[in-house]
Amino acid sequence: MRWACIWLLCPLGPLVLLSASTNPPNVLLIFADDLGFGDLGSYGHPTSATPNLDKMAARGLRFTDFYASCPICSPSRAALLTGRYQTRSGVYPGVFYPGSRGGLPLSELTIAEVLKARGYTTAMVGKWHLGLGANGSFLPIHQGFDHFLGVPYSHDQHTHYPQFGSQEYVGQSLRGPFGDALMEFDGSVGLLLQALQENGLEGNTLVFFTADNGPETMRMARGGSSGLLKCGKGTTYEGGMREPAVAYWPGRISPGVTHEMASTLDILPTLAALAGAPLPTVPLDGYDLSPVLFGGGKSPRQMMFYYPPSPSKLLGVFAIRYGKYKAHFFTQGAFLSGTTPDQDCHGLTPLKSHEPPLLFDLEADPAENYNLLQGGAVGPEVLRVVKEIQLHKALFDQRMEFGESQIGKGIDSALQPCCAPGCTPKPSCCHCS
Ligand code: MG
């Protein structure tokens, strides 16, 4: 976890007068950066100090099977904001850099724009990482946000390493610098929840917490943890994309744990339904999660498609989750997932094609240890599942329309706010010659 990204959206007008039962709710989306499935106390970490997030998890709905759309930052954020796989918006391959010419296309409709149509005031605080562009043309204020206070991309492209911790938190956790930064992030969440309570907004505000991708284990103990899940950031194993997630709305969402499948792709359709806002008239990849949030119902999501950081039309999705089963058609390691004992995760582990696919039962084997198609007799259910997943892959890949690559537009160093990162004194030395 390197930086907290907080997206705040609230209906226009005197908030305290709005009633949760008859009016659209305020929405607070808290999106952590590079936080793994195993990083929170409420998800099993023995030494993390995350009392506020754990309180949210205890009093809200905690997801065990929640997915980001991609195991790296920019594509994951594009999908959260648009409800569409990043391939459609062209946010691939990889991530945006300070001098990137491209950005999330302004033609894409974001959550902020969808809610603004229903009278919401919108703000974005924290890391954006969806493009900067000439004169800041790709910044949040051009994508439906009324206010933006934050950084345009990852802070490791200025001051990333080591993690920042303020005096109040440094040395306070048992997990070292990562734990201190996580503890500070959790403290900020606590302040937000306190502000909602003190202003009488808790009963009419949906707070949703999750993260953009799995841990950067190349940083070893300072990179986060995917817990029992395999690998982390940059890979299409579970550790790269399965994330902690909590929906918190006292009085509306009953406390509990859900094993229903859900994704960041589902946030836009869910919020649109809550606000009574029309959906964008473009192909969407998300579903309204209201049945899961407000009644313990089944999730409309039955499948999850896993794209690698650099997707291609030729290979299509690398893996598919279908109910409790997951099939890997391609696997590849990632330098971002280095240093752990599992060689499958490492950057030098090349792309491998699997035909038949590797098949895992994620309910019995969430760590993806035991390939059901390797050795022994294969039962008829498994054979049927493999055929169905193969068919779904063929159909999905065939129908996916890749938007023009925005990251492929390359770099223009003149777009960087500071072309000489080592210069001094800042900020006066920050210019491009
Ligand atoms: Mg990230």
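Residues numbered from 1 in each chain as written. Predicted model: local features only at pLDDT ≥ 70, side-chain atom pairs only at ≥ 80, totals over all residues. Heavy atoms only, no water.

Peer 1: Looking at this structure, I do not really get the pattern of salt bridges. What am I missing?
Peer 2: A side chain of one charge can pair with a side chain of the opposite charge when the charged atoms of the two come close. Following the criterion strictly, the structure yields 22 salt bridges and no others. For Asp-342, the salt bridge identified is with Lys-230, shortest N-O distance 2.7 Å. Of this pair, Asp-342 sits in the loop between strand S11 (325-331) and strand S12 (352-361) while Lys-230 sits in the loop between strand S6 (205-211) and helix H6 (238-241), placing them 112 residues apart in sequence. You can call Asp-342 partly exposed: its relative accessible area is 26%. Relative accessible area serves as the criterion here: at 10%, Lys-230 is assigned to the buried category. Ionic contacts of the salt-bridge type, sharing partners, join the residues Asp-65, Glu-238, Arg-242, Arg-321, Lys-326 and Glu-368 into one network. (Salt bridge = Lys/Arg side-chain N within 4 Å of Asp/Glu carboxyl O. Helix = DSSP H or I, 4+ residues; strand = E, 2+ residues; numbered from the N terminus. Buried < 20%, exposed > 50% of the residue type's maximum accessible area, 1.4 Å probe, protein only.)

Peer 1: Just to check I follow, could you spell out the pairing of strand S10 (residues 319-322) for this structure?
Peer 2: Looking down a regular strand, the side chains alternate between one sheet face and the other. In this sheet, S10 lies alongside strand S9 (residues 303-306) in antiparallel orientation, the contact comprising four bridges. Its bridge partner lying in S10, Met-303 is registered against Tyr-322. If you look at the hairpin formed by S10 and S11, you'll find two residues sitting between the two strands, and Gly-323 has a positive phi there, around 65 degrees. (Pairing = 2+ DSSP bridges.)

Peer 1: So what exactly am I meant to see when it comes to the coordination of the magnesium ion here?
Peer 2: Ideal values for angles at a metal depend on the geometry: 109.5 degrees with four tetrahedral donors, 90 or 180 degrees with six octahedral donors. Surrounding the magnesium ion are the protein donor atoms Asp-33 (OD), Asp-34 (OD), Cys-73 (SG), Asp-212 (OD), Asp-212 (OD) and Asn-213 (OD1), at 2.1 to 2.8 Å. In this structure, the magnesium ion is surrounded by six donor atoms whose angles at the metal cover 51 to 156 degrees, and the resulting shape is irregular. Between the donor residues of the magnesium ion, the gaps in sequence give the motif D-D-x38-C-x138-D-N. In this pair, Asp-34 sits in the loop between strand S2 (26-32) and helix H1 (51-59) while Asp-212 sits in the loop between S6 and H6, placing the two residues 178 residues apart along the sequence. A relative accessible area of 1% places Asp-34 in the buried class. (Donors = N, O, S within 2.8 Å, 3.2 Å for Na, K, Ca; no water. Tetrahedral: all angles 85-135°; square planar, octahedral: opposite > 155°, others 65-115°.)

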